[in-house]
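Residue-level structural notes
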Amino acid sequence: MSEQRRYNVAVAGATGAVGGAMLDVLARRDFPVAELRLLASERSVGKKLVFKGEEIAVQQLTRDSFAGIDVALFSAGASRSLEFAPAAAAAGAVVVDNSSAFRMDPEIPLVVPEVNSHAIAQYTKRGIIANPNCSTIQMVVALKPIHDRVGIKRLVISTYQAVSGTGAKAIMELRQQVEDYVAGRPMQHAVYPHQIAFNCLPQIDVFLENGYTKEEMKMVNETRKIFEDQTIGVTATTVRVPVFYGHSEAVNIETRKKITAAEVRALLANAPGVELVDEPAKGRYPMVIDCEGRFETMVGRIREDESIANGINLWVVSDNILKGAALNAVQIAEVLIREYL
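The paragraphs below set out a description of the structure included in this document. Given the structure is predicted, the values throughout are model-derived calculations rather than measurements.

Rules of the game
Residues numbered from 1 in each chain as written. Predicted model: local features only at pLDDT ≥ 70, side-chain atom pairs only at ≥ 80, totals over all residues. Heavy atoms only, no water. Axes fitted to C-alpha atoms, helices over the stretch in contact; angles between N-to-C directions. Helix = DSSP H or I, 4+ residues; strand = E, 2+ residues; numbered from the N terminus. Parallel < 35°, antiparallel > 145°, perpendicular 65-115°, else oblique. Left-handed = near helix turned anticlockwise from the far one by under 90°. Contact = heavy atoms within 4.5 Å. Nonpolar A, V, L, I, M, F, W, Y, C, P; charged D, E, K, R; others polar. Buried < 20%, exposed > 50% of the residue type's maximum accessible area, 1.4 Å probe, protein only. Pairing = 2+ DSSP bridges. Phe/Tyr/Trp six-rings, centres within 6.5 Å; stacked < 30°, edge-to-face > 60°. Lys NZ or Arg CZ within 6 Å of the ring centre and 35° of its normal. Salt bridge = Lys/Arg side-chain N within 4 Å of Asp/Glu carboxyl O.

1. Observations regarding the packing of helix α4 (residues 134-150) against helix α6 (residues 214-227)
- Viewed as axis vectors pointing N to C, α4 and α6 meet at an angle of 40°, and their least axial separation amounts to 10 Å. In terms of orientation, α4 lies oblique with respect to α6. The element α4 and its partner α6 pack so that their crossing is right-handed. Residues S135, T136, M139, V140, L143, K144 and H147 of α4 pack against E215, K218, M219, E222, T223, I226 and F227 of α6.
- Counted by class, the contact of α4 with α6 contains 6 nonpolar, 4 polar and 4 charged residues.

2. Observations regarding the pairing of strand β1 (residues 7-12)
- Of all 6 residues in β1, 6 are buried, a share of seventy percent or more.
- Burial along β1 is two-sided: the residues Y7, V9 and V11 and N8, A10 and A12 are all buried.
- In this sheet, strand β2 (residues 33-40) lies alongside β1 in parallel orientation, the contact comprising 5 bridges. For Y7, the partnering residue across the bridge sits in β2 and is V33.

3. Topic: the sheet that holds β1
- Overall, parallel pairing links the 6 strands, which are arranged β5-β2-β1-β6-β7-β8 in an open sheet. In this open sheet, the two strands that pair with only one neighbour each are β5 (59-60) and β8 (128-130).
- Summarising the sheet, strand β7 (residues 94-97) and β8 pair through 3 bridges and their orientation is parallel. Paired with D97 across the strands is A130, a residue of β8.
- The sheet strands contacting helix α1 (residues 17-28) are β1, β2 and β6 (71-74), and the helix crosses β1 at an angle near 155°.
- Sitting on the sheet, helix α2 (residues 78-90) touches β6, β7 and β8, and the angle it makes with β6 is about 175°.

4. Quick notes on the packing of aromatic side chains
- Applying the stated criterion across every chain yields a total of 4 aromatic pairs.
- On the basis of an interplanar angle of 45° and a centroid distance of 5.6 Å, the ring pair of Y160 and W315 is categorised as tilted. With Y160 in strand β9 (residues 152-161) and W315 in strand β14 (residues 311-318), the pair connects residues that are 155 residues apart, well separated along the chain.
- Above the face of the F244 ring, R175 is positioned so that its terminal group lies 5.1 Å from the ring centre.

5. Some details on the sheet that holds β9
- Pairing within the open sheet is mixed, and its 6 strands lie in the order β10-β9-β11-β14-β13-β12. Taken across any chain shown, the strands that pair with only one partner, and hence form the sheet edges, are β10 (233-240) and β12 (274-276). Here the strands of the sheet are splayed against their neighbours by 20° on average, with no regard to which way each runs.
- Bridging between β9 and strand β11 (residues 247-255) involves 8 bridges; their strand directions are antiparallel. For T159, the partnering residue across the bridge sits in β11 and is E249.
- Along the sheet face, α6 touches β9, β10 and β11 and points at about 140° away from the line of β10.

6. Focus on the pattern of salt bridges
- Tallied over the entire structure, the rule returns 21 salt bridges.
- For E279, the salt bridge is made with K282, and the minimal N-O distance between the two is 3.5 Å.
- Given the relative accessible area of 31%, E279 is considered partly exposed.
- Given the relative accessible area of 65%, K282 is considered exposed.

7. Details of the environment of A101
- Here A101 shows up in the loop between β7 and α3 (113-116).
- According to the relative accessible area criterion, A101 is partly exposed, its value standing at 25%.
- Separated by 85 residues in sequence, A101 and G16 place their C-alpha atoms 18 Å apart.

Have a look at this one:
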């Protein structure tokens, strides 16, 4: 990363949970910011957020917000990304978008830097780079070394996803339901179709005609796009659980060539972005209470699937707001300024 040049950065959706995390990650990783422009909806105009000890007032997100901006980090939802990201790109900014708006567009790269940073070069087609879904990001970080070594034939995935993936209102709903339960009051729900406290909901996003949810098909399609391999079989069941932060995933892998659990541990011990936590006899394995605020994707419970010839099981845990969103976006921006701008 150049020490001489600094970059004008905009954060669209700055007042949201991911937007706030983007500010934190920019500061923690010492991204070379010249001007930081904070953008949000009209109701947030004038609100002040702190970046490296400096208070910065929020401005309204409009099509004219991006003059002079080099990198625009978007976490304002798909509809706003569709409306404003092309305008940002037209103004000369490179957009890193955290929504689902552009992920499957064949002209827009879908990037996890530890996995396919070479795809960032395609940003010149539209001026936009897409951040994958949070559950996809942490999984492919863990899978990349295995795929490179022996190839992946098929994935069977079960996710256990925190309510923060839905947003601030979901966090408040879970907290309120727990408080109501303790107080003996009836529990109400509005964000989710059912009570989430002390429950597991096998539905994330809407159901599609094939019986899968939109979230499940995101994992299928995004994994294949990121690995540039449409032959990988992928099936997923995504579940919302009563956890505030951190997604957990049970990942069953059928590899094209045999690999042992010991070999997988050796690969992941040195894999970028991975922390190996795999001493089950000592009670050490990845847990969401340990991942909050951490940049690393934690992997453990590595064992061979004894029901097939070439099978491996992993347990993968990560902070969905950080690596699943804000951190991944900033990492993309880091590669972008280091190699392309």
